[in-house]
Structures are given as C-alpha cells and as structure tokens.
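Residues per chain are reported as follows:
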Amino acid sequence: DTAVSQTPKYLVTQMGNDKSIKCEQNLGHDTMYWYKQDSKKFLKIMFSYNNKELIINETVPNRFSPKSPDKAHLNLHINSLELGDSAVYFCASSLRTVANTGELFFGEGSRLTVL
Amino acid sequence: QQPVQSPQAVILREGEDAVINCSSSKALYSVHWYRQKHGEAPVFLMILLKGGEQKGHEKISASFNEKKQQSSLYLTASQLSYSGTYFCGTDVIQGAQKLVFGQGTRLTIN
C-alpha cells in the first residue's frame with residue numbers, strides 16, 4: 001500500500017486554467033503539507049495542516065487554495081494558472097510532536113506544466 | 001531562514017567518503033536529512049534533535065552542533081546507490097511543523 005499518494009502524477013494545461021491535485025495518506029499522521037519544487041530543485045513549503053486546521057500558510061498567491069476534508073486528505077486547487085506555476089508539487093505527511101517536525105513521508109509528486 | 005548547504009555538488013568514485021554541511025543563521029530545534037533520486041520523491045535519512053538524540057539509518061551518520069547552528073552528513077565508503085541530491089531541512093520555530101530545506105547538494109558516484 002502506498003503511504004502517501006497523489007493524483008494526478010502529471011498535468012499539462014494552458015495558462016489561465018484551473019487545476020486540482022489530490023493527496024491521501026494512510027499512515028495515520030495528523031499533519032500534512034504541500035511543498036513546491038522548482039526547476040532548480042529548490043523545495044519550498046507552501047502549506048501545512050494539522051487535523052484539518054491550517055497551521056502554515058507561506059507567502060503563496062491567493063490563487064492557491066488548499067483544502068483538508070479530513071486529516072488523511074489534503075488537496076490543492078490552483079486558479080488562473082501562470083507559467084511560473086510550472087513545478088513538481090509534493091504532498092507530505094508527518095506525526096506531530098511538540099518540539100520538532102516529525103519525519104516527512106513524501107508522495108511521488110505531481111508534475112505541473114503550464115503552457 | 002533557508003539553511004545553506006555546502007558543497008553544491010560532489011563527484012566521487014565508489015568507496016570514497018564525502019561530507020555535506022548545512023548551516024543556519026538561526027537557532028535550530030532539529031535538523032533533517034533527505035535524499036532525492038532523479039524523478040523520485042525525497043526520502044528520509046536522519047533526524048538530529050536538540051539535545052543530542054538521533055534517529056535514522058544505521059549506515060549513515062551525521063552530527064549536529066547546536067552552538068554553531070550546523071549539521072554535517074557523513075557518507076562513508078560510498079556506493080552507486082548513494083547518488084542523488086541531499087537536502088537538509090531545519091526547524092527554527094519549536095513546534096511549528098515548518099521544515100525549511102536547503103538548496104540541496106548533488107552527489108554523483110562514478
């Protein structure tokens with residue numbers, strides 16, 4: 001069984017369109033994340049949810065809207081796609097600890113290409 | 001806030017050793033190390049916690065100097081399977097669940 005699964009793995013779309021990426025984890029973790037990895041391999045945190053509650057919202061454009069219907073799912077919706085949104089988007093999950101971020105388990109990534 | 005890794009790239013022959021460094025300008029609560037192979041997701045290697053606790057793979061070692069706000073990853077007797085990009089991730093806010101990654105170090109084993 002895949003621990004953290006994302007769909008779709010590949011998206012190719014035109015500028016201005018809207019797209020969604022879904023993520024599910026079966027590890028029983030209470031914290032989930034979205035990370036963006038650009039063409040230079042830089043991994044940047046976008047959002048973090050703990051038990052469906054948004055706890056981290058980095059300086060991400062309003063066009064990006066995460067939603068967590070339950071603690072096992074975290075989806076990412078992107079409106080009005082721009083060329084600069086092209087990247088690999090990784091979902092991850094971890095067990096929350098008081099002092100430190102727990103080990104991150106990453107999904108396989110969703111490669112978004114905006115034309 | 002992003003930690004700085006050095007070197008940016010390393011090329012080794014099988015059996016050689018390498019050290020990858022990670023430095024932060026802020027006090028750290030933990031340092032994570034991940035390895036990402038081309039086209040794959042990052043995979044957890046090790047976590048080093050403030051106070052000296054470590055959790056990770058037996059074949060990989062690392063150090064965490066809290067005073068210097070630095071961590072180093074030691075890869076000994078490298079194998080072809082060690083190839084990939086290594087990322088350190090740091091916690092600077094206790095309990096914030098915000099792991100910030102360095103820019104990565106690309107390791108090539110010939």
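Residues numbered from 1 in each chain as written. Chains lettered and ligands numbered in written order. Predicted model: local features only at pLDDT ≥ 70, side-chain atom pairs only at ≥ 80, totals over all residues. Heavy atoms only, no water.

Colleague: Teacher, can you tell me more about the overall build of chain A here?
Modeller: Tallying secondary structure elements over chain A gives 0 helices and 11 strands in all. The order of helices and strands in chain A, counted from the N terminus, is β-β-β-β-β-β-β-β-β-β-β. For a compact globule of 115 residues, the expected C-alpha radius of gyration is about 13 Å, and chain A comes in at 13 Å, within 12% of that figure. A principal-axis box enclosing the C-alpha atoms of chain A has dimensions of 40 × 30 × 30 Å. Per-residue burial over chain A gives 44% buried out of 115 residues. (Helix = DSSP H or I, 4+ residues; strand = E, 2+ residues; numbered from the N terminus. Rg over C-alpha atoms; globule rule 2.2 N^0.38 Å. Buried < 20%, exposed > 50% of the residue type's maximum accessible area, 1.4 Å probe, protein only.)

Colleague: Explain the sheet that holds strand β3 (residues 19–25) of chain A to me, please; I cannot follow it from the model alone.
Modeller: By definition, the strands of a sheet pair up through backbone hydrogen bonds, in either a parallel or an antiparallel sense. Residue and element names in this part refer to chain A. Read across the sheet, 4 strands follow the order β1-β3-β8-β7 without closing on themselves; strand pairing throughout is antiparallel. The open sheet has two edge strands with one neighbour each: β1 (4–7) and β7 (64–70). Recorded for the sheet is a direction-independent mean angle of 15 degrees between the axes of neighbouring strands. Across 4 bridges, β3 lies against strand β8 (residues 73–78) in antiparallel orientation. Residue pairing in the sheet places Glu24 in a bridge with His73 of β8. (Pairing = 2+ DSSP bridges. Axes fitted to C-alpha atoms, helices over the stretch in contact; angles between N-to-C directions.)

Colleague: Got a minute to help me understand the sheet that holds strand β1 (residues 4–6) of chain B in this structure?
Modeller: Residues and elements named next belong to chain B. Taken together, the 4 strands give an open sheet; going across it, the order is β1-β3-β8-β7, and neighbouring strands pair in antiparallel fashion. Since the sheet does not close on itself, it has two edges, and those belong to β1 and β7 (61–65), each with one partner. The sheet shows a mean angle of 15 degrees between the axes of neighbouring strands, taken without regard to direction. Pairing of strand β3 (residues 18–23) with strand β8 (residues 70–75), which is carried by 6 bridges, proceeds in the antiparallel orientation. Note on β8: the bridge partner recorded for Ser23 is Gln70.

Colleague: Looking at this structure, how should I read the confidence of the model for chain B?
Modeller: Detailed reading of the predicted coordinates is not advisable wherever pLDDT falls low. Put simply, chain B has an average pLDDT of 90, and 98% of its residues get 70 or more. Per-element confidence in chain B ranges from a low mean pLDDT of 71 for strand β6 (residues 54–56) of chain B to a high of 97 for β1 of chain B. (pLDDT = per-residue confidence, 0-100.)

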